[in-house]
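Fold and geometry: a report
So the chains spell out like this:
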Amino acid sequence: MGRDPRHDILFEPVQIGPKTLRNRFYQVPHCTGFGVEKPWSQAAHRAVKAEGGWAAVCTEYCTVSIDADETPFISARMWDDHDLAHLALVPEAAHRHGSLAGIELSHSGAHGENCETRLPPPAPSQIASDFSNITPKRMEKWDIDRIVSDWVTAAVRSRDAGFDIVYVYGGHSYLLGQMLSPFYNQRDDEYGGSLANRARMWIETLAAVRDAVGSDCAIACRVAISAVGGAGIDLAEGLEFVRLADHLVDLWDVHIGSIEEWSKDSGPSRFFAEGWQLEWTGKVREATAKPIVGVGRLTTPDRMAEIVESGVWDLIGAARPNIADPWIPRKIDEGRIGDIRECIGCNMCISKGDNRRHIACTQNATAGEEHRRGWHPERFERAANADSEVLVVGAGPAGMECAIVLGRRGMRRVRLVDAAEEVGGITRWIPRLPGLAEWGRLREWRVGQLAQLPNVEIETGMRMDADAVRAAGAGIVVVATGAPWAADGLNGVTRGPVPGADASLAHILTPEQVMLAGKRPPGQRIVVYDCEGYFMGAGMAELLHGEGHSVELVTSCEKVASFCDETLEGPLLRRHLHDLGVAMRGECAVSAIEPGGVRGETTLGDAFEIECDAVVLVTQRVSDERLFLDLRGAGLSAVYRVGDCVAPRLLADAIWDGHRLAREIDAPEPAMPLAHHRERPAQSLSPA
Ligand code: ADP
Ligand code: SF4
């Protein structure tokens, strides 16, 4: 198989200032949780993308001044030579694979909490941040000059560290974008008022950085070309800014919206289609002939080629698509389109990288593990015990992932068995929840990969008990039997089942009963009781509302779908449910289900009662560990379990677990992970 000629255009080189990109694939800046604190993880994560064919790889947000300390979030800094030494690992890694390295030099302005340095964040005007609710310091002229000068110092250090592309970043309503926007900038001096005044600090910074490093590095400028909420500039001003600054810029990196409305730029697939930002970012060509890069969760090469051919962008930018598959360019080049592990748009990478401080991905178990566990997304070593036969019971996401990795590690025979008629476990039916169709890629990609592995056999419609497993005679057994939702309302709030909750009754339902068994509520009025705060409660509510029921979504969490705030889905999802007419209540614990209704207590101790005909229980899941315990009880030795049957987890973590066991199936004790490399200050400049 070779490259489809329709995709040739994606492999043309592009000149940006003094540098040449080898093709049109560009990894835009994205967060990882690594910053300068985990420099080896940072470099290894970017290296694998460079190796996968991306012509440029960029760091995340890298602050230029000490009053832009983003803690409690972890971001990079270029404050001193120590930071330089840590970040220098990125260009070193990129260059090894023929890619350019970019650094996202920036300043968060009003939004930075500065928990570490305890300095007040500087901003155009003294109005509390719409993102962090901090009230900033209004910048004096002295602050403006100091920050421009810090930018130059950081740019020089970046050049010395080996970076090829230096950003003067004002996207996502960071400081320079705040100066540009009347929403933040209400100054009445020469930096406020007219567009030329509001653009002044940005243009001064661009000019100073260009003077200092412009002959050695390409100067990139990231700008939110249009607000999609209230916090930016409109498209006409965005284009005017591009015209004003064009002579100072080698590469325009364009997106939409502010940091508070990041959910619309880094849009979850439940609300935004691939490439939706082009409505605005596709207009930038009107204002510049310089190279343009944009993003849009693009994973389909035909669409990428169309965009370049149409002339609107020169480069295909990506963050999430290359977290999910760092090797997209290579796979397109080799004509292996079906092997692309497409991003599902779940934004777990954002939750993991920002809130949980170490990036991970639902689709790609190796994301974030490149350095600390040495996992490569495309390379697998033959297992020392490859002559063994492995039986994997349960073909959900964890079992499928485990079987793929075992297959790639060359095990003599891998049998993947499932009781259901189709493989996929929960990933068979989660994509049928409203808005989650793209999550079907989890199953589709794995089915496609399994089909290519001659040493993996799939058997469906076969429920196995301990005797059947023993009779199968495999030397190694992996149990991946999952975790159904509790049928009795077991929950962490009351620490027990909910009295009256029994899913064998007609008016009590679990998600599996609704989705797999076709069970439906016996009446019109439904309460969905959710103690998880993730997608299932909201999914049940929307689905049943769509079937004509009147639904009230009651959650023990502070607000509906509270975890979805970390994936940028929360505010949009609550608005969506509200607009549909789904009633919602937060901070409510159900204490009993009785004929005709539920009753309980709010967090503040007020009693409540809701009349209803049926209740859907989304309280928690319970691991199906019966088979595993029976096998252990029967004295079988090489028996392991992975995924939700160990403990109910995020899809990303269940898949990771299946991957992990298979990577370490020949370790002395596969049940426990091998120690991973931890990056600690004393050893941070040595590889392990
Ligand atoms: P995970 O997320 O951990 O992969 P899932 O719940 O998605 O878990 O998948 C578990 C799969 O295991 C389901 O497809 C289920 O049909 C299958 N399964 C559970 N028990 C057995 C069993 N005893 N024999 C065969 N398959 C089983
Ligand atoms: Fe895409 Fe989800 Fe992976 Fe992020 S975590 S890259 S959104 S699949």
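Our subject is the structure that appears above.
First, a word on what this report is: a plain description of the structure on this page. The shown structure was predicted, so the numbers you read here are calculated from the model rather than taken from an experiment.

Let's shift gears to the site of ligand 2. The environment of ligand 2 is formed by Arg-320, Ile-323, Ala-324, Cys-343, Ile-344, Gly-345, Cys-346, Asn-347, Met-348, Cys-349, Cys-361 and Thr-362. Listing elements by their share of the shell around ligand 2, those giving two or more residues are helix H12 (320–324) and helix H14 (348–355). The residue inventory of the shell around ligand 2, partitioned by class, reads eight nonpolar, three polar and one charged.

Attention now goes to the environment of Met-78. Mapped onto the secondary structure, Met-78 falls in the loop between strand S5 (76–77) and helix H2 (81–87). Its relative accessible area of 1% is what places Met-78 among the buried residues. Here the alpha-carbon distance between Met-78 and Thr-32, two residues 46 residues apart in the chain, equals 16 Å. If we ignore the near neighbours within four places in the chain, the residues touching Met-78 are Cys-62, Thr-63, Val-64, Asp-83, Leu-84, Leu-87, Ile-103, Leu-105, Ala-154, Arg-157, Ser-158 and Ala-161.

The end-to-end C-alpha distance of helix H1 (residues 39–51), which contains 13 residues, comes to 18 Å, matching closely the 18 Å that a straight helix rising 1.5 Å per residue would cover. Burial analysis of H1 places 12 of its 13 residues in the buried class, which makes it a mostly covered element. The complete set of buried residues in H1 reads Pro-39, Trp-40, Ser-41, Gln-42, Ala-43, His-45, Arg-46, Ala-47, Val-48, Lys-49, Ala-50 and Glu-51. Looking at the packing, one finds that the buried side of H1 touches strand S3 (25–27), strand S4 (56–63), H2, helix H3 (89–96), H12 and helix H13 (328–333). Phi for Gly-53, located one or two positions after H1, is positive at around 110°.

Okay, the packing of helix H4 (residues 141–161) against helix H7 (residues 200–213) next. Following both chains from N to C, one finds H4 and H7 inclined at 35°, their axes separated by 9 Å at the closest point. Like other packed secondary-structure pairs, H4 and H7 cross with a definite hand, here right-handed. Contacts from Ile-144, Ile-147, Val-148, Trp-151, Val-152, Ala-155, Val-156 and Arg-159 of H4 reach H7 at Met-201, Glu-204, Thr-205, Ala-208, Val-209, Ala-212 and Val-213. Looking at the contact of H4 with H7, its residues break down into 12 nonpolar, one polar and two charged.

The rules behind each value
Residues numbered from 1 in each chain as written. Chains lettered and ligands numbered in written order. Predicted model: local features only at pLDDT ≥ 70, side-chain atom pairs only at ≥ 80, totals over all residues. Heavy atoms only, no water. Near = heavy atom within 4 Å. Helix = DSSP H or I, 4+ residues; strand = E, 2+ residues; numbered from the N terminus. Nonpolar A, V, L, I, M, F, W, Y, C, P; charged D, E, K, R; others polar. Buried < 20%, exposed > 50% of the residue type's maximum accessible area, 1.4 Å probe, protein only. Contact = heavy atoms within 4.5 Å. Expected span 1.5 Å × (residues − 1). Axes fitted to C-alpha atoms, helices over the stretch in contact; angles between N-to-C directions. Left-handed = near helix turned anticlockwise from the far one by under 90°.

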